[in-house]
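# Breakdown of the fold
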Amino acid sequence: MKILPLDDPAADLATAGGKGASLSRLARAGLPVPGGFHVTTEAYRDFVSRDGLHELIMRAVAEASPDEAARRISALFAAREMPEGTAAEIRAAYARLGDDVPVAVRSSATAEDLPEMSFAGQQETYLNIRGDALPGAVKRCWASLWTARAIAYRAGNGVPQDEVALAVVVQELVPADAAGVLFTVNPITGARDQMMINASWGLGEAVVGGLVTPDTVVVGRDGHEIVEERVGEKDVMTVRAPEGTREEPVPPKLRRAAVLDRAQAVRLAELGARIEELYGTAMDVEWARRDGTFLIVQARPVTGLGRRVEEWNDSLTGEYLWTSANLGEAVPDVMTPCTWSLVQIFIHEAMSASALPGFDLVGNIGGRFYMNLSVVVSIARALGMQGRLSATEQVFGKLPPGLDVPLLPTSRWRIIASVLPLGFAIQKKVAANLKRMPGFLATARERCTTLHERATAAATPGELADLWERELLPYFVEACRVFEAAGRQGGGSLVWTRDRLRRLVGEVDAEAMLTGAGSDGELASLGPIVGLERLAAGEIDREEFARVYGHRGAHEFEVSVARPGEDPGWIDAQLASMSGDRRHAGALLDRQREAREAAWKRFEQRYPGKAAKMRLRIRRWNATVRDRETTRSEVIRVIWAVRALVLRAGVLTGHGDDLFFLSIQELVTVLRGDDGPLAEVAVRRATYERYAALPAYPTLIVGRFDPVRWAASPGRRGDIFDARGGDIPVSDTITGFPGAPGVVEGVARIIAGPEDGDRLAPGEILVTTLTNIGWTPMFPRAAAVVTDMGAPLSHASIVARELGVPAVVGTGNATVRLRDGDRIRVDGEHGTVELLTSLDHDR
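What counts, and where the lines are drawn
Residues numbered from 1 in each chain as written. Predicted model: local features only at pLDDT ≥ 70, side-chain atom pairs only at ≥ 80, totals over all residues. Heavy atoms only, no water. Helix = DSSP H or I, 4+ residues; strand = E, 2+ residues; numbered from the N terminus. Buried < 20%, exposed > 50% of the residue type's maximum accessible area, 1.4 Å probe, protein only. Contact = heavy atoms within 4.5 Å. Areas by Shrake-Rupley, 256 points an atom, 1.4 Å probe, with all protein chains shown as cover. Lys, Arg positive; Asp, Glu negative; His and termini not counted. Charge placed at Lys NZ, Arg CZ, Asp CG, Glu CD. Core = buried A, V, L, I, M, F, W, Y, C linked by side-chain atoms within 4.5 Å. Salt bridge = Lys/Arg side-chain N within 4 Å of Asp/Glu carboxyl O. Pairing = 2+ DSSP bridges. Axes fitted to C-alpha atoms, helices over the stretch in contact; angles between N-to-C directions.

## With respect to the overall build of the chain
- Regarding its fold elements, the chain presents 27 helices and 26 strands.
- Reported as C-alpha extents along the three principal axes, the dimensions of the chain are approximately 110 × 65 × 55 Å.
- Out of the 843 residues belonging to the chain, those deemed buried represent 55%.
- Expressed as a percentage of contacts within the chain between residues at least 6 apart in sequence, the contacts between residues at least 24 apart total 68%.
- Total accessible area computed for the chain in this model is approximately 35100 Å², and 51% of it derives from carbon and sulfur atoms.
- Considering the chain, the positive charge centre built from 98 side chains and the negative charge centre built from 111 side chains are found 7 Å apart.

## Comments concerning the nonpolar core
- Judged by nonpolar contacts, the single largest core of 95 residues is most densely connected at Phe-346, Ile-347, Phe-369, Trp-468 and Phe-476.
- Ranked by residue count, the leading element in this core is helix α16 (residues 461–488), at 13 residues.
- Beyond its immediate chain neighbours, meaning those up to four positions away, Phe-346 contacts Leu-327, Met-351, Phe-476, Cys-480, Phe-483, Phe-557 and Val-635.
- Of all hydrophobic cores here, the second largest spans 43 residues; its members include Tyr-44, Val-138, Trp-142 and Ile-151.

## Description of the pattern of salt bridges
- Throughout the structure, instances matching the rule amount to 44 salt bridges.
- In this structure, the salt-bridge partner of Glu-68 is Arg-71, at a minimum N-O distance of 2.8 Å. In this pair, Glu-68 and Arg-71 are both assigned in helix α4 (residues 66–78), three residues apart and thus about one turn of the helix distant.
- Overlapping salt bridges bring together Asp-466, Glu-469, Arg-470 and Arg-672 as one network.

## Observations regarding the sheet that holds strand β14 (residues 321–323)
- What the five strands build is an open sheet, ordered β15-β16-β14-β17-β18; its pairing is mixed. Of all the strands in the sheet, the pair left with one neighbour each is β15 (362–365) and β18 (720–722). With strand direction ignored, the average angle separating the axes of adjacent strands in the sheet is 25°.
- Sheet analysis places β14 next to strand β17 (residues 700–702), joined by three bridges and oriented antiparallel. Across the sheet, residue Leu-321 finds its bridge partner in β17, namely Val-702.
- Contacts from helix α12 (residues 337–350) reach β15 and β16 (368–372), with the element oriented near 165° to β15.
- Contacting β14 and β16, helix α13 (residues 373–382) runs over the sheet at an angle of about 15° to β16.

## A look at the sheet that holds strand β8 (residues 215–220)
- With antiparallel pairing, the six strands of this open sheet are ordered in space as β9-β8-β7-β6-β12-β13. Both outer strands of the open sheet, β9 (226–230) and β13 (293–301), are each paired with one neighbouring strand and no more. Across the sheet, the axes of successive neighbouring strands diverge by a mean angle of 20°, strand direction being ignored.
- Where strand β6 (residues 178–183) meets strand β7 (residues 194–201), six bridges bridge the pair, whose relative direction is antiparallel. Counterpart to Ala-178 in the pairing with β7 is Trp-201.

## Details of unusual backbone geometry
- Even without being a glycine, Asn-128 presents a positive backbone phi close to 60°.
- Position of Asn-128 relative to the elements: it lies in strand β4 (residues 125–129).
- For Asn-128, a relative accessible area of 6% gives the class buried.

## Concerning the pairing of β6
- Here β6 lies mainly inside the structure; six of its six residues are buried.
- Taking every second residue as pointing to the same face, both faces of β6 are buried, with Ala-178, Gly-180 and Leu-182 on one and Ala-179, Val-181 and Phe-183 on the other.
- As judged from the six bridges shared by β6 and strand β12 (residues 283–290), these two strands associate in the antiparallel manner. Pairing of Val-181 across the sheet is with Glu-286, part of β12.

## Structural notes on the environment of Ala-382
- Topologically, Ala-382 is positioned in helix α13.
- Distance from Ala-382 to Val-419, taken between C-alpha atoms, is 9.7 Å for residues 37 residues apart in sequence.
- Ignoring anything within four residues of it in the chain, the contact list for Ala-382 reads Arg-412, Ile-415 and Ile-416.

Keep in mind that these numbers describe shape and distance, not what the molecule does.
What follows is the structure, encoded as structure tokens:
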């Protein structure tokens, strides 16, 4: 049969092509589809079988490029008339639609509209065709099977060229006042509990062809509530013309008017749900509206959507201010579920002082670690300690001027009643853990190394589960508690000592006097670079380096990432980068010691009566910094041991790296013989990969934040996102915290990650978003350091200060305002960065 009614059951993929088979299925299911008929693939095959046309087509495809083959085949079709018998059948089927009915003539290939791939737009569609023009339009559709784009697309997707054929769907052209596309899944976020509708005035070609910015309506699948509604600027619309269609301006009063009201959007979503149920998969549906009635003109499976995903987004819990500063430096990556479960244990044990029952102190936003500053600010204000909030800047960085911090939706008295009892308990806990700290640190490396080795050597899954529950978890908790105690000893001495010293002697001498945290013992933040220099000098071997320093790295909290101690190539690369560098950490530390001693002499001359007391204060400062960094290092050493446990579990269970996509608690369940949690692995892996493909999110987030939508926005900012619509101006200057004093001019080198560290030449200025211990080997090569994130107590400040490398941290915008290769001046004393010469002359 060369002609079939639109709803004929015989209209399958081989006979009617993908589009035709889909429309036939919709029509038979009773969905509102415009009337029409199929010109089947039999008609096409009959046409190309005459006069050797098929062989000529195959020869052109085999011999020529897609462009040249398309030109040759187009000429072959144009030179041949449609067989009269076929043309007569087409005219008869058209007459049954009515008198001079305008129709849409759509190509429908046999390799089209399949779930695995989308051939949308590969072949032609002709609109507003009437009478005797119809056979010619059908023949032009046949020829469009052989456009350059269609030939290349089939070749790229492994579709044999000699097996394809083309049917044509002829349908009544709906005199639509509005049209658009409905996705039965949110194609932007991948959320399967939402449908997205695009709508514009006139025929649908303006939307499908991208000629307008359509209205967007997101409808929730449960209850069909309107989740989001945006009205687009609809400048043009496609309308019928005497010979086809044309674009004309949308009347001004309709350009910013909503095409669909809420009731219509819900009705359309209900149609979409019926279509998805019919096909059993997410669908891309083209629709038209005529006099308030909706018609379906096409439906195909959504392709390129990817796998089902979850939503990891604690910003949806309320209107809070979130920051990724400070702890975000230690956890800079999108976290696997296993890592996130370990982070939650760490926060519960190591940051209990900032907890408030009923509110989360930390959150997972798009897989990244954020801290809820609204909790900290609300507690401070409730206790009348607003004046001390400036101290948080030295830990978490500055907030933009004019930013209104949202407070917790609870009363001051409830906060006080919750916090005060916790405060007394925490003081007691910290005091007890401080007493335990020396003994803990004395044996920590040996104990953790033993646990690591036992995890690696475990013979059964049950042995691993016992090791975690009975020994490794209790040891992890102990390490976290000691870390908390180390950071809280002396109260606010880290903040107040620095501020007082700066007032007495100024920025330069204050920073010099505060160095020397490693003079009474190695500062853990400098460990990797000191270890590398010892290795290069032959003082230690590779095995010793891996044992002592191998747990520290740029991604040290993420259990799925290998540590430097596991990667000989990392050690080789670091040693190679040091070989041509004349500035070594040892020499820089010696130089800084001289500057420190000179600063002390000036202080003693100026304040002879205060010198002894100030030396005691700074000795305590250095002890606190050293203890904090050392205990942090031991926490990370435990994380390495947990990584060894997960890797061994993957071997023993046969589930490999799938186990990184379980929480540590779920992992133990699997080790005990219950594979139930593994059902979630595929979705979580897809979710992780989706978030990991996005750029790093803003340092500050206020309110509900959609990582995918933000990443797609051309106007996105990396410093702040405020869902309230607050207009925080983008600074034209680059200013931050004085991280370490000194003035340097040089070439800015924008480094995205420590893996690109070999791009930093000696004497260049390192400019980046943030640094952690994995960046430390670069610091001796850098003439100065500039970061978007950071504060006086951040990694960049501590290491730069100890090495005497000028630094400006927490600028918020350096990586945006500067370009790779710009010449800049860094003033670490005043916290400013000046652009001297730009490679971008348009700025």
